[in-house]
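# Residue-level structural notes
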Amino acid sequence: MADTQVLVKFVTKLPQAFKVPETGIAVPPDIKRYGLSQIINHLLELDPHRPFDFIISGELLRATLKEFLTEKNLSAETTLEIEYVPAVIPPKQKESSPHDDWVSCVDGSRANIGIISGSYDGLIRIFDHSLSIKSSFRAHSAGVSAARLLPSLRDPNSTTASANLLATAGKDHLVKVWSLGSATDAPDGKNGPQTTRCVAIFEGHTDAVEALAVSPSGDHLLSAGVDGRVLLWSAGADLLTQRPDGSSSAANPPSAKKKRKTETAPAASADAGAGGALNSAPLEVLEPLRPFEGHSHAVSSLAWPNALTFYSAGWDHSIRQWDVEMGANVATYNGSKALYAVAASPSQPSTVAFGGADKALRLWDSRSGRGESINVRGVGLHDSWISSIRFYGDNSSGATHKKNGEGALNVGSLAPQSGTEYLLVTASYDCTVKLWDIRSNVPLATEKRHREKVLCVDFCTLPEDAVTTGDGLVSQVPMVSGGADCKLVLYA
């Protein structure tokens, strides 16, 4: 093959303006993706040049054509079809913000809110996209383990404003839902949260709560913890119908079980920052709708990609698939070591990524049967435990996905760009954050911006005025991470 040219045909799903003629082109066998990208730029007469990636038989090209063909046992004598897509530009550190304790969780899914962090000091902090703090409040009497935004919904007390709800979980065994105040839907973040109040307290765990997941509709919430329990709760608009005296509107009674009425919503106003004043009012302490039994040890992570199915990862070495309506564990993958992170693809909910103490990032196709027929493959490795995984556009964080004119999403949430449905990000105790395309076993980027173990990571939605417009060929994937070095890092 050394002296033989390879005949290739370029194809793409990009708009017509970025399509080249689908005729055969002879290229040298030792060409790599940079050389192929130059060919595409020349054929399209792009100025300035844009980087492209190339997919052959469903895999990203990360070697020479000759090496790829040899590895896959493909013939060089037939025309090779190569799909080209915009290359993802790996982000670099943009800003960082110190905290008083470990940063345990982050949510960057909504541009009009900003970036939310939870810390072992019990505080929730809300930042703008330069990591200047907008507000903070004490959410739990012990450390915050998880924080997830619920989908934006209309405030029943306003005809124009939207209500922004945040679920938090703590080492104090509690799950809480907070109203971050009413705000307009402007994606620039200038009309952010005004006041903060606790609208619900959920009791049911007997030990630290470690994970949360939000249903795609936002009507329900899952929690899991060290007690090995996974609990289902009612959430969403029902929580906003409680009157100031703690009672509920008769027209919209909450579907969760009511346990008892507290005197006031738990809040420590001394911890509230500017713009983060806390209101106190009586409210109900709610019990779970249903438990999901099966794990024999702590449950560390949850993913809820569609209404009928969710996944849980545990210290008992297992990833479990659950049927929400039946309350049944319908499939289980048993690994060799404790698992700390699970995420499901929003575009392909049966594609589940997980990792933990064995340092490996793996993918499970949950459509594949049970037992020995379970289809799990390795993607890549860290040098230490994997602590957090997120797919791009993960809807279990509660990001709002509203379509406008031609199907594009408003910039208020993570908007899909060509190829981003294959992206995920991992955090590890090896102090690194890695960006992956699941079509390749080589990370797109490895960032080591923390001095100690990284505990959490998320993709981040930037406000409209921070997004570079143009031809749309370069995919932007801003990220945010937090760690045991008490630092929040923004990559853009």
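A brief report on the enclosed structure follows. (Residues numbered from 1 in each chain as written. Predicted model: local features only at pLDDT ≥ 70, side-chain atom pairs only at ≥ 80, totals over all residues. Heavy atoms only, no water.)

## Some thoughts on the sheet that holds strand S34 (residues 445–447)
Taken in spatial order, the 4 strands line up as S31-S32-S33-S34 in an open sheet, and their pairing is antiparallel. Among the strands making up the open sheet, the edge pair consists of strand S31 (386–391) and S34. The mean inter-strand angle of the sheet, taken between neighbouring strand axes irrespective of direction, is 20°. The sheet contact formed by S31 and strand S32 (residues 423–428) spans 5 bridges and is antiparallel. Bridging from a neighbouring strand, isoleucine 386 pairs with serine 428 of S32. (Pairing = 2+ DSSP bridges. Helix = DSSP H or I, 4+ residues; strand = E, 2+ residues; numbered from the N terminus. Axes fitted to C-alpha atoms, helices over the stretch in contact; angles between N-to-C directions.)

## Observations regarding the nonpolar core
Core analysis: the largest hydrophobic core is formed by 23 residues, its most contacted members being Phe10, Phe54, Leu65 and Ile82. Those elements that provide at least two residues to this core are strand S1 (6–11), helix H1 (33–44), strand S3 (52–56), helix H2 (65–71) and strand S5 (80–86). Setting aside residues up to four positions removed in sequence, isoleucine 82 forms contacts with Val8, Lys9, Phe10, Val11, Leu36, Phe54, Ile55, Ile56 and Leu65. Counting 22 residues, the second-largest nonpolar core is a separate cluster that includes Ala163, Leu165, Val209 and Leu231. (Core = buried A, V, L, I, M, F, W, Y, C linked by side-chain atoms within 4.5 Å. Buried < 20%, exposed > 50% of the residue type's maximum accessible area, 1.4 Å probe, protein only. Contact = heavy atoms within 4.5 Å.)

## Some details on the packing of aromatic side chains
A full pass over the atoms with the stated rule returns 16 aromatic pairs. Their ring planes at 45° and their centres at 5.3 Å tell us that tryptophan 102 and tyrosine 120 sit as a pair that is tilted. Taken together, the residues span a long stretch of sequence, with tryptophan 102 in the loop between strand S6 (93–98) and strand S7 (103–110) and tyrosine 120 in the loop between strand S8 (114–119) and strand S9 (123–127) at a distance of 18 residues. Since its relative accessible area comes to 32%, tyrosine 120 is described here as partly exposed. Ring centres 5.8 Å apart and planes at 10° place the aromatic pair phenylalanine 310 and tryptophan 322 in the stacked group. Of the two residues, phenylalanine 310 sits in strand S24 (residues 309–314) while tryptophan 322 sits in strand S25 (residues 318–323), which places them 12 residues apart along the sequence. Like tryptophan 322, phenylalanine 310 is buried. (Phe/Tyr/Trp six-rings, centres within 6.5 Å; stacked < 30°, edge-to-face > 60°.)

## A short note on the pairing of S5
For S5, the tally of buried residues reaches 6 of 7 residues, placing the bulk of the element in the interior. The pairing of S1 with S5 spans 4 bridges and is parallel. Counted as the bridge partner of valine 8 is leucine 80 from S5. Inspection of the sheet shows S3 paired to S5 by 4 bridges, in the antiparallel sense. Across the sheet, residue phenylalanine 54 finds its bridge partner in S5, namely tyrosine 84.

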